[in-house]
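# Coordinate inspection notes
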Amino acid sequence: MQQSSSFELLTTRPASLDDRQTVLRLIDDAERWFTTVSLGEAVGLLAGAPVLLLFAGSKPCGVILADWVNDGVTWVRALALSGRLATARALGALLPSFHAMLHAGGVARVYVACHEPADAWLTLALRRTGYVHDTDVIVYEKKRMSVPTYGNPAVRVRAATVGDIPAILTVDAQCFSAEWRKDDVQIGLALRETPRFLVVEEDAVVVGYAFVTTHYDGRLVHLVRIAVLPDRRRQGIGARLLYEVVAYATAIGAEAMTLNTQAYNHSARRLYEWFGFRRTGDRQTILRYDL
């Protein structure tokens, strides 16, 4: 365990791939930690995303990692604090430099998704430094694979291809505010790595998409994303996509499906609840800091 004297000078500096071992050690040995990425993904962020190290004297005692910047927005993906340094003092030294780094990189807003109650310590600490509550993300689960409708039979649902990425990004930009949008790299990775990625076409034009991940040898299917262009809603297209996803889960023998959605997305929540998804009680608190 690293011990940090309250009298040691606290300093910060940007991290790079050369700091890989230091960052991984801090995350592994942290007494207070928060993460939404794997260790491998954390290393990937060191390739150029905003990452800042905290030192007490010459000893590294903290690190904060942001995601890649997209449309002036980023997310905190990991934060680790080691030693006996008080959380308030550590964040008081770390966050101003981190925010300055983000601002210099064109970031206007930074978000943090805190899982409750595990990350309650961070939620409280960040709110004391000026972060504000933005929304909650709530978790839904479905255990019976029956469906109330097959959705719109006139549209075409098919597997997505790399050539669909521009159309998918167009749908994404019209459906989500900046903090929730996905970029071409994220969509490309999802196309290659997820087991089911669908687009829905109307008159040969992509008007929506959905993709899932599978877990526990296929026993759980997680709906990562479902989106339909705003001017194509209320036509059974979202229901058709959701039916196709449930049909896939049924075909591979899944025992349950899960999804997350923002608390304010009432139309989506009505659709999910109609299809038999029920709230689990789990949630994330989304905090925001305006730079």
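This text follows the structure it describes.
The sections below set out a description of the structure shown in this document. (Residues numbered from 1 in each chain as written. Predicted model: local features only at pLDDT ≥ 70, side-chain atom pairs only at ≥ 80, totals over all residues. Heavy atoms only, no water.)

## Details of the packing of helix α5 (residues 165–175) against helix α6 (residues 184–193)
Under the convention used in this document: Think of each axis as a best-fit line through the C-alpha atoms, taken over the contacting stretch in the case of a helix, with angles from 0 to 180 degrees between the N-to-C directions. Helix numbering and strand numbering both begin at the N terminus, where a helix is a DSSP run of H or I of at least 4 residues and a strand a DSSP run of E of at least 2. What sets the label is the angle itself: under 35 degrees gives roughly parallel, over 145 gives roughly antiparallel, 65 to 115 gives roughly perpendicular, and the rest give oblique. In this scheme the handedness of a crossing depends on how the near helix is turned from the far one: anticlockwise by less than a right angle means left-handed, clockwise means right-handed. Whether two residues are in contact is decided by their heavy atoms: any pair within 4.5 Å suffices. Any residue outside Ala, Val, Leu, Ile, Met, Phe, Trp, Tyr, Cys, Pro, Asp, Glu, Lys and Arg is labelled polar, Gly included; the first ten of those are nonpolar and the last four are charged.
As a packed pair, α5 and α6 sit with axes 10 Å apart at the nearest point and diverge in direction by 120°. Here α5 is positioned oblique relative to α6, judged by the angle of their axes. Read as a crossing pair, α5 and α6 show a hand that is right-handed. Across the interface between the two elements, Ile165, Ile168 and Leu169 from α5 touch Asp184, Ile187, Gly188 and Leu191 from α6. Here the contact of α5 with α6 is built from residues that sort into five nonpolar, one polar and one charged.

## Thoughts on helix α7 (residues 237–251)
The α-helix advances 3.6 residues per turn, and as a result positions three or four apart in sequence lie on the same side. Our working definition: To estimate the expected span of a helix, subtract one from its residue number and multiply by 1.5 Å. Partly exposed residues are those whose accessible area sits between 20% and 50% of the maximum for their type, while under 20% is buried and over 50% is exposed, using a 1.4 Å probe and protein chains only.
For α7, with 15 residues, the first-to-last C-alpha span of 21 Å sits near the 21 Å given by 1.5 Å per residue. With respect to burial, α7 is a largely interior element, eleven of its 15 residues being buried. Turning to α7, its buried residues number three or more, namely Ile237, Gly238, Ala239, Arg240, Leu241, Leu242, Glu244, Val245, Val246, Tyr248 and Ala249.

## As for the pairing of strand β5 (residues 73–81)
Along a regular strand, successive side chains alternate from one face of the sheet to the other. What counts is decided by this rule: Two strands form a pair only when DSSP identifies at least two bridges running between them. Whether a crossover is right-handed comes down to one check: with the strands pointing away from the viewer, does the path from the first strand over the helix to the second run clockwise; if it does, it is right-handed.
Most of β5 sits inside the fold, with nine of its nine residues counted as buried. Here strand β2 (residues 32–35) runs beside β5; their pairing, made up of four bridges, is antiparallel. When the bridges of β5 are listed, threonine 35 appears paired with alanine 78. By the bridge criterion, five bridges tie strand β4 (residues 59–66) to β5 in an arrangement that is antiparallel. Counted as the bridge partner of leucine 65 is alanine 78 from β5. Hairpin connection, β4 to β5: the antiparallel pair is bridged by six residues, and aspartate 71 has positive phi, about 55°. Pairing of β5 with strand β6 (residues 109–116) involves three bridges; the strand directions are parallel. Paired with valine 73 across the bridge in β6 is arginine 109. Regarding the hand of the β-α-β motif, the stretch spanning β5, helix α3 (residues 87–104) and β6 is right-handed.

## Here's the deal with unusual backbone geometry
Glycine aside, negative phi is the norm for most residues, and most peptide bonds take the trans geometry. The residue after glutamate 116, namely proline 117, is reached through a cis peptide bond having omega 5°. Summarising the element assignment, proline 117 is placed in the loop between β6 and α4 (120–128). Although it is not a glycine, aspartate 71 adopts a positive phi angle of roughly 55°. Locating aspartate 71 in the fold gives a position in the loop between β4 and β5. Despite not being glycine, tyrosine 216 has its phi angle at roughly 55°, a positive value. With respect to the secondary-structure elements, tyrosine 216 resides in the loop between β10 (205–215) and β11 (220–228).

## Observations regarding the packing of aromatic side chains
To be explicit about the condition: Stacked, edge-to-face and tilted are the three classes for Phe, Tyr and Trp ring pairs, Trp counted by its six-membered ring, which pair at centre distances within 6.5 Å; planes under 30 degrees apart are stacked, over 60 edge-to-face, the rest tilted. Two limits define a charge over a ring: the Lys NZ or Arg CZ must be within 6 Å of the ring centre, and within 35 degrees of the ring normal.
Considering all chains together, one arrives at ten aromatic pairs under this definition. One aromatic cluster is present, built from ring pairs that chain together Trp75, Tyr111 and Trp180. For the cation-ring pair, lysine 142 lies above phenylalanine 277, with the distance from its terminal atom to the ring centre recorded as 6.0 Å. We note arginine 225 situated over the ring of phenylalanine 176; from NZ or CZ to the ring centre the distance is 3.7 Å.

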